[in-house]
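Examination of the molecular architecture
Chain by chain, the residues run as shown.
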Amino acid sequence: MTLFCLVLTSYVLYAQQTITGKVTDQRSGSPLAGVSIKIKGGKGTSTDNEGVFKIQAASGQTLEITSVGYKPIVIAAGNQSVLQIALEPASIEMTELVFVGARGSARSKAESPVPVDVINVNNVASSTAKPDLMSQLNMTVPSFNYNKQSGGDGSDAIDFASIRGLGFDQTLVLINGKRRHLSAFVNEVGTRGRGNSGTDLNSIPEAAIDHIEILRDGASAQYGSDAIAGVINIVLKKDVHHLTVNTGWSGYYDHKYNSLNSVDPSQYYTGSWVDGNTFTTAVDYGLPIGKSGGFLNIAGNFLAQGKTFRQDPDTNWTTNPNALSTNTWRRAGGDGAVTSGGGMFNLEIPFAGTQTKFYAFGGMNYKHSNVYAWTRNFSANPQKFPTNPDGSLIYEPGIMHVAGAPDGSINSNNVFYNPQEDVYITDQSIAAGFSGTTKSSWNWDISNVTGYNDFHYYGNKTFNAALDNGLPPSSVKTRFNDGGFSFLQNTANLDINKRFAGVAEGMTLAFGAEFRYEHYKLYAGEPDSYGYDVANKLYPNLYGDGNADSLRKPASGSEGFPGFTPGDATVAHRTNTGVYGDIAIDLTKAWLVDGAVRFEHYSDFGSVTTYKFATRYKLTQNFNIRGSISTGFRAPSLQQINFSNTNTNIIKVNGVPTLEYIKLVPNYSSIARAVGIPALKQEESVNGSLGFAWTPVHNLTITTDGYWIKMKNRIVITGNFGSAIGPLASVLAANNPPLYAANFFVNAVNTTNTGLDIVIDYTKRWGKQSLRALLAGNIQNVNIDKINIPSALDSNYADRQAFFSSREQAFLKASAPRAKFSLALEYGVGKFTAGSHLTYFGKVVTQGFGYASLPGAASGGPGGAGISDQGNGWDPYVVTDDGKSVIPENFVFHGKITTDVYVSLKLTPHCTWTTGVDNLFNVHPDLAVTAGARQSSWGDSESGGAFDAVQMGFNGMRMFSKLLFRF
């Protein structure tokens with residue numbers, strides 16, 4: 001008997017063999033992780049992150065290879081011990097694998113339980129005049145929200161974006177699945193996203209990017225803070241032996257609103273008829289390393305973009321009674337100039353004979369932005385100009401302009417200048433780590449990422465009128481170091497996952513931990529940028545005009561952007577520890593469920609736990625329904641907790657013009673605590689989504705996803721409060737310098753965002769021809785549910801409006817248009833390609849500041865005197881053009897469609913030329929005026945120019961030409 005058992009055991013051992021193999025995507029050749037390899041009726045395994053598997057099988061046994069989104073195959077185990085298996089996608093959509101939203105192995109886009117967009121950056125960039133990543137995504141992804149700012153100080157220099165109408169800092173950005181650092185900047189002026197920071201996507205060289213995954217679903221339980229609206233994962237290139245050079249030009253030809261087209265161009269700053277000229281160059285090359293698939297990919301970008309100048313052309317009231325007056329408050333309306341350059345690398349080195357590899361990526365980007373601030377006119381504000389001791393103007397010809405004087409004569413009514421703001425931004429990052437697979441098929445990844453951002457202001461071609469300027473013009477100081485801020489983030493991660501093929505139809509278990517250190521610094525400018533308080537001065541031009549207000553105090557600080565004071569300067573840091581777990585189970589071949597939980601602790605405000613449940617069910621082979629529900633959070637950033645800025649204003653006190661200080665105080669200050677402003681805490685959310693993915697015919701995919709996002713404790717910046725608030729009187733007076741008023745960061749607003757995302761994608765190829773049609777749309781709404789006001793600031797209607805005015809509420813709701821749709825069509829045959837993009841930007845409504853009260857309204861109440869007529873944006877009303885009534889000062893920007901066209905020709909096997917026009921029909925947003933009250937509302941928008949900052953932009957038609965070289 002013993003001998004029989006030994007013989008039988010020997011036979012079994014001899015019959016069993018170890019089979020190893022690799023599974024790839026048939027179309028792309030990419031390795032497939034999480035593929036199930038099962039012996040029919042027996043045990044199984046799954047592929048690791050490199051698509052590799054190992055299994056024991058006897059000759060003649062059947063191997064079943066299955067993966068969601070791919071056609072299953074069956075292989076008979078024979079004498080082969082190494083298998084190379086290529087799976088065919090079930091449809092064209094299945095070729096796009098996404099890692100974001102799945103903490104274990106990748107999933108195909110259409111089979112994901114949550115909506116994910118996959119953007120091929122190279123294809124998008126080559127067919128548009130838009131030179132930067134942010135504006136390209138704004139055109140391509142309807143739920144992606146981006147408003148180019150103008151007239152908003154630092155907001156003009158940096159571009160932030162969001163998803164689904166939420167805040168800029170409520171979307172998490174990853175690079176190769178690792179957390180990207182935030183900018184040091186926080187929006188302060190009344191722009192979109194006031195009080196928010198964000199991530200500058202334009203600091204990442206486009207040439208380095210392979211594709212971008214945009215998860216449109218809450219994912220805090222998987223990725224941590226900031227992932228309330230979703231996650232943007234930027235995947236870097238891994239190419240080797242390919243050199244790519246992309247160079248191009250673009251420029252605006254706006255034959256209607258270019259300031260050269262004005263009745264009197266001397267009233268404005270002007271450029272050329274084709275302005276905003278932009279030159280770009282991008283280079284990418286990859287080198288193989290070793291013989292095990294290692295590589296080093298290096299890429300770089302350079303961009304030089306000129307200014308644009310836009311004004312309403314008709315200011316001639318003698319020929320047109322509806323003409324608007326000369327824009328004397330924003331004579332240099334338009335976009336600023338930008339010069340930027342940077343590089344990035346992506347490195348992987350596998351260790352031969354192991355399942356382990358070393359990887360690293362990182363880069364640096366430098367950006368210089370030069371923008372014009374609002375106009376200073378000597379006729380109205382001589383205290384903002386350099387003057388002699390007797391109050392007469394010191395004329396600086398290189399900076400000051402003369403309006404409406406053909407002979408160049410100078411008098412008090414025609415001299416003006418626009419201060420320039422120089423912003424220098426440095427962005428650096430480095431990531432490194434090891435990943436691999438154990439013998440028992442556990443995938444592991446350990447990494448560390450460090451990111452740094454510095455944001456530095458300089459005042460240029462501007463003045464501090466309070467300096468001793470009784471000197472020759474050549475001695476007048478015109479450039480100031482205004483200070484700035486920096487932010488450093490270091491993140492260490494450990495991630496582990498394993499696919500269990502034998503549990504149900506497959507289960508993936510993932511868990512991990514994260515430790516993050518953050519450091520924030522705000523540094524002061526030079527004393528000349530923010531001082532000094534000097535005696536009043538008599539200005540002859542005002543006195544000579546009979547103006548009793550001729551005795552004024554010279555404005556203190558650099559005009560345009562006064563420097564940060566030593567009292568604003570601060571240094572702060574904190575740590576964060578987080579752990580998570582995620583389980584995804586294919587309960588059946590049709591039903592996937594996914595659950596996640598995450599715990600995080602912050603050293604400065606406490607702990608939070610978030611949860612997520614997602615599911616997808618295949619009703620048929622080509623129709624999936626999917627949905628999720630989750631809780632989310634966003635920790636208050638160090639920028640929001642610690643930012644401070646002191647500004648000087650000339651305010652009449654008892655009829656005397658007086659230099660007063662107004663300060664945005666840090667959240668921890670005694671001034672904030674005096675009125676019951678609590679320490680900032682996390683913003684919280686509950687997210688829900690429900691949708692479907694349908695492939696009715698080959699190459700046609702339709703996805704629709706509805707969403708609901710309930711937000712609590714959104715952080716905003718309040719309006720100004722002064723000594724009329726009892727608890728503030730003593731603390732404002734005790735500040736150094738004493739303050740006239742203060743405003744605050746506060747967890748104040750609860751909102752609900754609802755919407756619907758629609759994507760219809762069709763691709764067909766036959767012979768040498770191809771056709772692509774992509775319709776994508778977003779319909780959304782933002783509702784303000786509640787404004788949480790401390791009792792000390794809630795004594796009357798004026799206080800409630802000062803806290804978060806109706807104007808600020810309108811800006812929050814205008815984060816995204818009510819609807820946005822894009823239709824991309826492209827046809828190719830042989831070496832020729834032609835295409836178009838049609839984009840519909842829906843209606844947006846903002847408000848002005850208000851200078852009239854509503855007849856019959858109670859004083860101090862909605863629409864009443866002391867509220868709507870104070871120029872504070874509190875229930876703003878203005879007088880109609882006929883002077884007979886007052887109406888709400890609403891700026892309504894109706895829906896508009898822009899049309900982009902392009903053609904592309906492959907000149908040689910290595911060179912492709914593309915040319916085209918964006919906004920072919922020179923469509924603009926509506927002018928920033930109130931219908932029926934054009935004159936009284938003119939210039940009262942946030943930008944102060946002819947147009948406000950809306951998604952479609954205001955610069956008009958843009959031409960472009962590009963050359964792409966591939967070797």
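Residues numbered from 1 in each chain as written. Predicted model: local features only at pLDDT ≥ 70, side-chain atom pairs only at ≥ 80, totals over all residues. Heavy atoms only, no water.

Overview of the overall build of the protein
- When helices and strands are tallied, the protein shows twelve helices and 51 strands.
- Over its C-alpha trace the protein gives a radius of gyration of 31 Å, about what one expects of a compact globule, namely 30 Å for 967 residues.
- Referenced to the eigenvectors of the C-alpha coordinate spread, the extents of the protein come out at roughly 120 × 65 × 55 Å.
- Within the protein, buried positions represent 58% of all 967 residues.
- A fraction of 71% describes how many contacts in the protein between residues 6 or more apart in sequence connect residues 24 or more apart.
- Here the protein has roughly 36,400 Å² of accessible surface; of this, 59% comes from carbon and sulfur atoms.
- In the protein, 76 side chains carry a positive charge and 78 a negative one; their mean positions are 8 Å apart. (Helix = DSSP H or I, 4+ residues; strand = E, 2+ residues; numbered from the N terminus. Rg over C-alpha atoms; globule rule 2.2 N^0.38 Å. Buried < 20%, exposed > 50% of the residue type's maximum accessible area, 1.4 Å probe, protein only. Contact = heavy atoms within 4.5 Å. Areas by Shrake-Rupley, 256 points an atom, 1.4 Å probe, with all protein chains shown as cover. Lys, Arg positive; Asp, Glu negative; His and termini not counted. Charge placed at Lys NZ, Arg CZ, Asp CG, Glu CD.)

Topic: the nonpolar core
- With 36 residues, the main nonpolar core has Phe-144, Leu-201, Ile-212, Ile-232 and Ile-234 as its most contacted residues.
- Mapped onto this core, the elements with two or more residues apiece are helix 2 (121-126), helix 3 (133-140), strand 13 (171-175), strand 15 (209-215), strand 16 (230-236) and strand 38 (700-717).
- Sequence-distant contacts of Leu-201, that is, excluding residues within four places in its chain, are made with Leu-133, Met-134, Leu-137, Phe-144, Val-173, Ile-232 and Ile-234.
- Core analysis: the next-biggest nonpolar cluster, separate from the first, contains 27 residues, Val-665, Leu-732, Tyr-797 and Phe-804 among them. (Core = buried A, V, L, I, M, F, W, Y, C linked by side-chain atoms within 4.5 Å.)

Details of the confidence of the model for the protein
- Residues of the protein with pLDDT of at least 70 account for 93%, and the chain-wide mean is 89.
- By mean pLDDT, the top-scoring element of the protein is strand 26 (residues 443-460) (97), and the lowest-scoring one is helix 1 (residues 2-15) (43).
- Scored below 50 in pLDDT, residues 1-14 shows zero contacts in the model against residues more than four places distant or in partner chains.
- Within the model, pLDDT remains below 50 along residues 91-95, and this stretch shows 18 contacts once partners closer than five positions in the same chain are excluded. (pLDDT = per-residue confidence, 0-100.)

A word on the sheet that holds strand 23 (residues 401-402)
- Pairing in this open sheet of three strands is antiparallel, and the strands run 22-24-23 from one edge to the other. For this open sheet the edge positions go to strand 22 (376-377) and strand 23, each flanked by a neighbour on one side alone.
- Bridge count for strand 23 against strand 24 (residues 415-417) is two bridges, and the pairing is antiparallel. The residue bridging Val-402 from the neighbouring strand is Val-415, located in strand 24. (Pairing = 2+ DSSP bridges.)

Re unusual backbone geometry
- Cis geometry marks the peptide bond from Asn-736 to Pro-737; its omega dihedral reads 0 degrees.
- Positionally, Pro-737 belongs in the loop between helix 9 (728-734) and strand 40 (741-743).
- Although it is not a glycine, Asp-226 sits at a positive phi angle of roughly 90 degrees.
- Residue position: Asp-226 is located in the loop between helix 4 (220-223) and strand 16.
- Look at Asp-226 and you get buried, because its relative accessible area is 9%.

Concerning the pattern of salt bridges
- All chains considered together, the criterion is met by 39 salt bridges.
- Between Lys-612 and Asp-217 there is a salt bridge, and its shortest N-O distance comes to 2.8 Å. Note that Lys-612 is positioned in strand 33 (residues 606-620) and Asp-217 in the loop between strand 15 and helix 4, a separation of 395 residues in sequence.
- Owing to a relative accessible area of 8%, Lys-612 belongs among the buried residues under this scheme.
- Put simply, Arg-179, Asp-226, Glu-514, Arg-516, Glu-518, Arg-574, Arg-598, Glu-600 and Asp-604 are held in one network by salt bridges that share partners. (Salt bridge = Lys/Arg side-chain N within 4 Å of Asp/Glu carboxyl O.)

Considering helix 3
- With respect to burial, helix 3 is a largely interior element, eight of its eight residues being buried.
- When we look at burial in helix 3, the residues that qualify are Leu-133, Met-134, Ser-135, Gln-136, Leu-137, Asn-138, Met-139 and Thr-140.

Considerations on the packing of aromatic side chains
- Within the structure shown, the criterion is met by 34 aromatic pairs.
- Seen from their ring centres, Phe-385 and Tyr-417 are 4.9 Å apart, and the 90 degrees between their planes marks the pair as edge-to-face. Of this pair, Phe-385 sits in the loop between strand 22 and strand 23 while Tyr-417 sits in strand 24, and the two are 32 residues apart along the sequence.
- With a relative accessible area of 0%, Tyr-417 lands in the buried category.
- Taken together, Phe-160, Phe-168, Phe-185, Phe-455, Tyr-457, Phe-485, Phe-561, Phe-564 and Phe-643 form an aromatic cluster joined through their ring pairs.
- Between Arg-331 and the ring centre of Phe-416, over which it is positioned, the NZ or CZ distance is 4.2 Å.
- Directly above the aromatic system of Phe-849 lies the positively charged group of Arg-807, at a separation of 3.9 Å from the ring centroid. (Phe/Tyr/Trp six-rings, centres within 6.5 Å; stacked < 30°, edge-to-face > 60°. Lys NZ or Arg CZ within 6 Å of the ring centre and 35° of its normal.)

A closer look at the side chain of Lys-357
- Within the fold, Lys-357 resides in strand 21 (residues 357-372).
- Judged by relative accessible area, Lys-357 falls into the buried class, the value being 14%.
- One polar contact links Lys-357 to Glu-348, side chain to side chain, over a distance of 3.3 Å.
- In this structure, Lys-357 is in contact with Glu-50, Glu-348, Ile-349, Pro-350, Phe-351, Gly-433, Phe-434 and Ser-435, ignoring residues within four places of it in sequence. (Polar contact = N/O pair within 3.5 Å; in protein donor to acceptor, adjacent residues only side chain to side chain.)

Digging into the side chain of Ser-262
- Within the secondary structure layout, Ser-262 lies in the loop between strand 17 (243-253) and strand 18 (274-289).
- Overall, Ser-262 belongs to the buried group, its relative accessible area being 7%.
- Only 2.8 Å separates the side chain of Ser-262 from the backbone oxygen of Ser-259, close enough to count as a polar contact.
- In contact with Ser-262, not counting residues within four places along its chain, are Tyr-268, Gln-311, Asp-312 and Pro-313.

A word on the pairing of strand 51 (residues 958-966)
- By the bridge criterion, nine bridges tie strand 17 to strand 51 in an arrangement that is antiparallel. Within strand 51, the residue paired with Ser-250 across the bridge is Phe-960.
- Bridge count between strand 50 (residues 911-918) and strand 51: eight bridges; the pairing is antiparallel. The residue bridging Thr-914 from the neighbouring strand is Lys-962, located in strand 51.

Description of helix 11 (residues 806-813)
- Where burial is concerned, most of helix 11 is hidden: seven out of the eight residues are buried.
- Tucked inside the fold, the buried residues of helix 11 contact strand 38, strand 41 (745-766), strand 42 (769-787), helix 10 (797-803) and strand 45 (844-847).

Quick word on the environment of Asn-346
- Assignment of secondary structure puts Asn-346 in strand 20 (residues 337-350).
- For Asn-346, a relative accessible area of 4% puts it in the buried group.
- Residues Asn-346 and Cys-911, spaced 565 residues apart in sequence, show a C-alpha to C-alpha distance of 25 Å.
- When near neighbours in sequence (up to four residues on either side) are disregarded, Asn-346 contacts Asn-176, Leu-236, Lys-237, Lys-238, Phe-295, Leu-296, Asn-297, Ala-360 and Phe-361.

Observations regarding the environment of Ser-806
- Structurally, the position occupied by Ser-806 is in helix 11.
- Residue class for Ser-806 comes out buried when judged on its relative accessible area of 13%.
- Measuring from C-alpha to C-alpha, the distance between Ser-806 and Asp-549 comes to 32 Å, with 257 residues separating the pair along the chain.
- Look past the residues within four positions of Ser-806 in its chain and what remains in contact with it is Gln-801, Gln-847, Gly-873, Trp-874, Asp-875 and Pro-876.

Some remarks on the sheet that holds strand 5 (residues 62-66)
- If you trace the four strands from one edge of the open sheet to the other, you get 3-2-5-6, paired in antiparallel fashion. Strand pairing shows two members of the sheet lacking a second neighbour, strand 3 (44-46) and strand 6 (73-76), which therefore form its edges. Geometrically, the sheet is characterised by an average inter-axis angle of 20 degrees between neighbouring strands, direction not taken into account. (Axes fitted to C-alpha atoms, helices over the stretch in contact; angles between N-to-C directions.)

A look at a nonpolar patch on the surface
- Together, Trp-766, Leu-771, Tyr-827, Val-829, Phe-832, Val-903, Leu-905, Leu-907 and Trp-913 give the surface a local cluster of nonpolar side chains, amounting to about 700 Å² of exposed area.
- For the nonpolar patch, the secondary structure elements donating two or more residues are strand 43 (819-829) and strand 49 (896-908).
- Broken down by element, the residue count for the nonpolar patch peaks at three residues, all from strand 49.
- Tracing the backbone through its elements, the reader meets Leu-771 in strand 42. (Patch = residues over 30% accessible without salt bridge, like charges linked within 9 Å, V, L, I, M, F, W, Y side chains within 5 Å.)

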